[in-house]
Amino acid sequence: MPTVVTAVSREEVYLAPRHLSLLIADEESWARDLCQEVAGKMGFFSVFTADNAGVALQLTGSQPMDVVLLDADLQGPDGLDLLQRIKQQNPRTEVVMVGRTAEDSTSVAAKSSAYDYLRKPFKMEELRLLLTRVASLLRNSLGERMLRERSQNNEVAYGGPLGRSAEMQKLYRIIAKVASSRHPVLIQGESGTGKEMVARAIHADGPFHDRPFVLVDCASPAPGLVESELFGYVRGTVASPAKPGLLNMASGGTIFLDEIGDMPLALQAKLLRALQEREVYPPGNAKPVPLDVRVIAATNHDLDMAIQQGTFRRDLFFRLNVVGLRLPPLRERKEDIRLLVDHFLERISGTKDMRYSVTPEAMRLMFIYDWPGNVRELENCLERAVAMSTGTVLNAADLPAQVRASSTLRVTPGGKQGRIVPLAEVEKQTILEALEQLNGDKLMTAKLLGIGKTTLYRKLKEYGIREQWVAAQAAGE
């Protein structure tokens with residue numbers, strides 16, 4: 001009869017493939033027991049066992065399996081036939097053949113179209129490494145699939161940052177990979193790029209999304225307040241009743257240290273000690289409190305420079321930067337502007353029960369402008385335009401003055417005005433950048449720039465952008 005074993009301790013889940021199911025189909029009880037023990041310790045969400053082909057097919061038919069350890073000598077249909085049936089039921093299932101053949105494992109796996117071949121008798125470590133590899137493959141595939149589906153549906157990825165640019169696609173993949181772990185994450189990026197949204201996305205897509213997500217503003221002008229909020233206090237240390245710290249209130253979940261670069265050095269030292277020893281000493285309390293929390297930190301500062309200047313601890317940087325993320329500024333992914341505009345206008349339209357749109361001229365100005373305030377500034381710009389507009393179509397005149405001025409003045413990240421740039425030069429450069437970032441895809445370039453296909457072809461000819469150059473971008477040269 002089939003049996004099921006659920007994952008055990010939370011510590012094992014931290015290192016485990018999250019929410020993956022495993023079927024062990026083997027007629028030998030020692031093999032089933034060994035596989036079941038290893039999978040349980042790794043933290044698979046559910047582990048099923050079957051001692052014959054009939055039970056195996058019944059289980060895979062009743063619910064999709066992520067991984068199947070399949071005995072090549074299982075009673076019933078032969079191993080190859082059973083593998084094909086399992087794949088027909090769910091093509092995404094990864095099957096590992098298990099047997100006693102003396103052939104090379106790679107050739108056996110290739111012949112059977114299995115992910116790999118495990119030769120009996122096998123050791124626990126050998127099985128654990130194989131399951132780790134296949135789980136990693138499945139996690140990566142899940143991230144790619146989520147990326148494709150959300151991009152095709154014009155959705156906000158992970159409920160947070162939005163975009164189809166290469167930089168954002170890379171970010172989605174990293175989020176999908178790191179969400180299932182408990183490693184500290186350091187998010188660096190300019191103000192307005194969406195650092196908090198990325199932190200919330202990592203938490204929401206992780207195995208403990210139902211646990212607390214606690215935000216700490218490290219840029220508070222009162223360092224003592226940050227310390228008492230972070231570590232808590234006991235009665236008598238401040239003019240308030242005893243209160244647990246936010247680090248402990250986030251137990252089992254995520255603590256988000258926003259603007260960590262503004263934290264005073266003395267408080268940095270105390271935070272480092274807590275993270276290293278995984279325990280907290282609230283002010284006025286000599287007894288430590290265990291610390292069980294995932295740490296995500298964010299900053300708009302250049303921490304390498306801060307370390308050189310002595311305003312940020314190098315050891316704390318390495319403790320936080322186990323996984324480092326850099327959020328690109330909006331000026332580096334302008335092909336995402338139309339998608340962001342559509343998203344924000346749809347959200348604004350929903351609150352006002354009206355459908356807003358923008359004219360081509362207004363969109364052109366938004367493509368030219370460099371957005372020193374990034375996505376947050378774009379959102380505020382559209383909200384202002386809606387407030388200033390007398391109708392549902394937003395014109396160039398409805399945009400803020402600095403955006404309207406972008407047709408003749410380039411705005412640098414520091415907010416300073418640069419040289420006057422002819423519109424033709426700006427348009428040509430925008431088309432070149434879009435083609436380069438989209439690997440020469442002219443149809444997608446025209447769509448994201450908000451122009452027709454024939455218009456783009458005319459512009460390419462007008463500006464002397466040769467087909468050979470476009471072909472080179474498509475080939476990745």
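Computed from a prediction, not measured in an experiment: that's the story for all the values here.

## Some remarks on the overall build of the chain
Argument step 1. Of the regular secondary structure elements, the chain holds 21 helices and 19 strands.
Argument step 2. Looking at the chain as a whole, 48% of its 477 residues qualify as buried.
Argument step 3. Partitioning the intrachain contacts of the chain with sequence separation of at least 6 by distance along the chain shows that 68% fall at a separation of at least 24.
Argument step 4. Summing over all exposed atoms, the chain offers an accessible surface of approximately 23000 Å²; the carbon and sulfur share of this is 52%.

## A short note on helix α3 (residues 53-62)
Argument step 1. For α3, every residue scored as buried is listed here: Ala53, Val55, Ala56, Leu57, Leu59 and Thr60.
Argument step 2. Where α3 begins, one side-chain oxygen reaches toward the backbone nitrogen of Gly54, 3.0 Å away; that side chain belongs to Asn52.

## Observations regarding the nonpolar core
Argument step 1. Formed by 35 residues in total, the largest nonpolar core has its most connected members in Met366, Trp371, Leu378 and Leu382.
Argument step 2. Mapped onto this core, the elements with two or more residues apiece are α14 (337-352), α15 (360-368), α16 (374-388), α18 (423-437), α19 (442-449) and α20 (453-462).
Argument step 3. The residues touching Leu378, leaving out its near neighbours within four places in the chain, are Leu330, Ile337, Leu340, Val341, Phe344, Met366 and Trp371.
Argument step 4. Counting 31 residues, the second largest nonpolar core, distinct from the first, contains Leu246, Leu257, Leu275 and Leu291.

## With respect to the packing of aromatic side chains
The geometry of two aromatic rings is summed up by the distance between their centres and the angle between their planes.
Argument step 1. Counted under the stated rule, the structure contains four aromatic pairs.
Argument step 2. Ring geometry for Phe317 and Phe318: centres 5.6 Å apart, planes at 65°, overall edge-to-face.
Argument step 3. A centroid spacing of 4.7 Å and a plane angle of 80° characterise the contact between Tyr369 and Trp371, whose relative ring orientation is edge-to-face.
Argument step 4. By relative accessible area, Trp371 is classed as buried at 0%.

## A short note on helix α11 (residues 265-277)
Argument step 1. Taking 1.5 Å of rise per residue, 13 residues should cover 18 Å, and α11 covers 18 Å from first to last C-alpha, within 8% of that figure.
Argument step 2. Looking at α11, one finds that the buried residues are Leu267, Gln268, Leu271, Leu272, Ala274 and Leu275. Taken end-on, α11 shows its buried residues confined to a sector of 165°, consistent with a single buried face.
Argument step 3. Arg278 occupies a position one or two residues after α11 and carries a positive phi of about 50°.

## Here we look at the sheet that holds strand β7 (residues 185-188)
Argument step 1. Spatially, β8-β11-β14-β7-β15 is the arrangement adopted by the five strands of the open sheet, whose pairing is parallel. Since the sheet does not close on itself, it has two edges, and those belong to β8 (213-217) and β15 (323-326), each with one partner. Strand-to-strand twist of the sheet, defined as the mean angle between neighbouring strand axes without regard to direction, takes the value 20°.
Argument step 2. In this sheet, strand β11 (residues 254-258) lies alongside β8 in parallel orientation, the contact comprising five bridges. Paired with Leu215 across the two strands is Phe256, which belongs to β11.

## Observations concerning unusual backbone geometry
Most peptide bonds adopt trans geometry, and most residues besides glycine take a negative phi value.
Argument step 1. Cis geometry is adopted by the peptide bond preceding Pro121, which originates at Lys120 and carries an omega value of -10°.
Argument step 2. Along the chain, Pro121 falls in the loop between β6 (116-119) and α6 (124-152).
Argument step 3. Phi at Arg278 takes a positive value of approximately 50°, unusual for a residue other than glycine.
Argument step 4. In this structure, Arg278 sits in the loop between α11 and β12 (279-280).
Argument step 5. According to the relative accessible area criterion, Arg278 is partly exposed, its value standing at 44%.
Argument step 6. In this structure, Asn374 is a non-glycine residue whose phi angle is positive, near 60°.
Argument step 7. Mapped onto the fold, Asn374 is located in helix α16.
Argument step 8. Of the residues examined, Asn374 reaches a relative accessible area of 0% and is grouped as buried.

## Quick look at the pattern of salt bridges
Argument step 1. For the structure shown, the criterion picks out 16 salt bridges.
Argument step 2. Measuring nitrogen to oxygen at the nearest pair gives 2.7 Å for the salt bridge that ties Glu361 to Arg364. One end of the pair, Glu361, and the other, Arg364, are both in helix α15, three residues apart, so they sit about a helical turn from each other.
Argument step 3. For Glu361, a relative accessible area of 35% corresponds to the partly exposed category.

## Details of the environment of Leu186
Argument step 1. Checked against the element boundaries, Leu186 lands in strand β7.
Argument step 2. When sequence neighbours within four positions are dropped, the list of residues in contact with Leu186 reads Ile260, Ala297, Ala298, Leu303, Phe317, Leu320, Asn321, Val323, Gly324 and Leu325.

## Quick notes on the environment of Ala39
Argument step 1. Tracing the backbone through its elements, the reader meets Ala39 in helix α2 (residues 29-42).
Argument step 2. On the accessibility criterion, Ala39 (0% relative accessible area) is buried.
Argument step 3. C-alpha of Ala39 to C-alpha of Leu127: the two residues are 88 residues apart in sequence and 9.0 Å apart in space.
Argument step 4. Apart from residues lying up to four places away in sequence, Ala39 is in contact with Leu22, Phe44 and Val47.

## Digging into the side chain of Glu377
Argument step 1. Structurally, Glu377 can be placed in helix α16.
Argument step 2. Put simply, Glu377 is tucked away with no salt bridge, and the nearest opposite charge, on Arg331, sits 8.5 Å away.
Argument step 3. Ignoring sequence-local partners within four residues, the contact set of Glu377 consists of Tyr369, Trp371, Pro372 and Gln402.

## Structural notes on the confidence of the model for the chain
Argument step 1. When pLDDT is averaged across the chain, the result is 76; 75% of the residues are at 70 or more.
Argument step 2. Note that residues 146-160 has pLDDT below 50 and, in this model, 24 contacts with residues that lie over four places away or in other chains.
Argument step 3. Within the model, the stretch residues 237-241 combines pLDDT values under 50 with seven contacts to residues more than four positions away or in other chains.

Parameters and conventions
- Residues numbered from 1 in each chain as written.
- Predicted model: local features only at pLDDT ≥ 70, side-chain atom pairs only at ≥ 80, totals over all residues.
- Heavy atoms only, no water.
- Helix = DSSP H or I, 4+ residues; strand = E, 2+ residues; numbered from the N terminus.
- Buried < 20%, exposed > 50% of the residue type's maximum accessible area, 1.4 Å probe, protein only.
- Contact = heavy atoms within 4.5 Å.
- Areas by Shrake-Rupley, 256 points an atom, 1.4 Å probe, with all protein chains shown as cover.
- Polar contact = N/O pair within 3.5 Å; in protein donor to acceptor, adjacent residues only side chain to side chain.
- Core = buried A, V, L, I, M, F, W, Y, C linked by side-chain atoms within 4.5 Å.
- Phe/Tyr/Trp six-rings, centres within 6.5 Å; stacked < 30°, edge-to-face > 60°.
- Expected span 1.5 Å × (residues − 1).
- Arc of directions from axis to C-beta.
- Pairing = 2+ DSSP bridges.
- Axes fitted to C-alpha atoms, helices over the stretch in contact; angles between N-to-C directions.
- Salt bridge = Lys/Arg side-chain N within 4 Å of Asp/Glu carboxyl O.
- Lys, Arg positive; Asp, Glu negative; His and termini not counted.
- pLDDT = per-residue confidence, 0-100.

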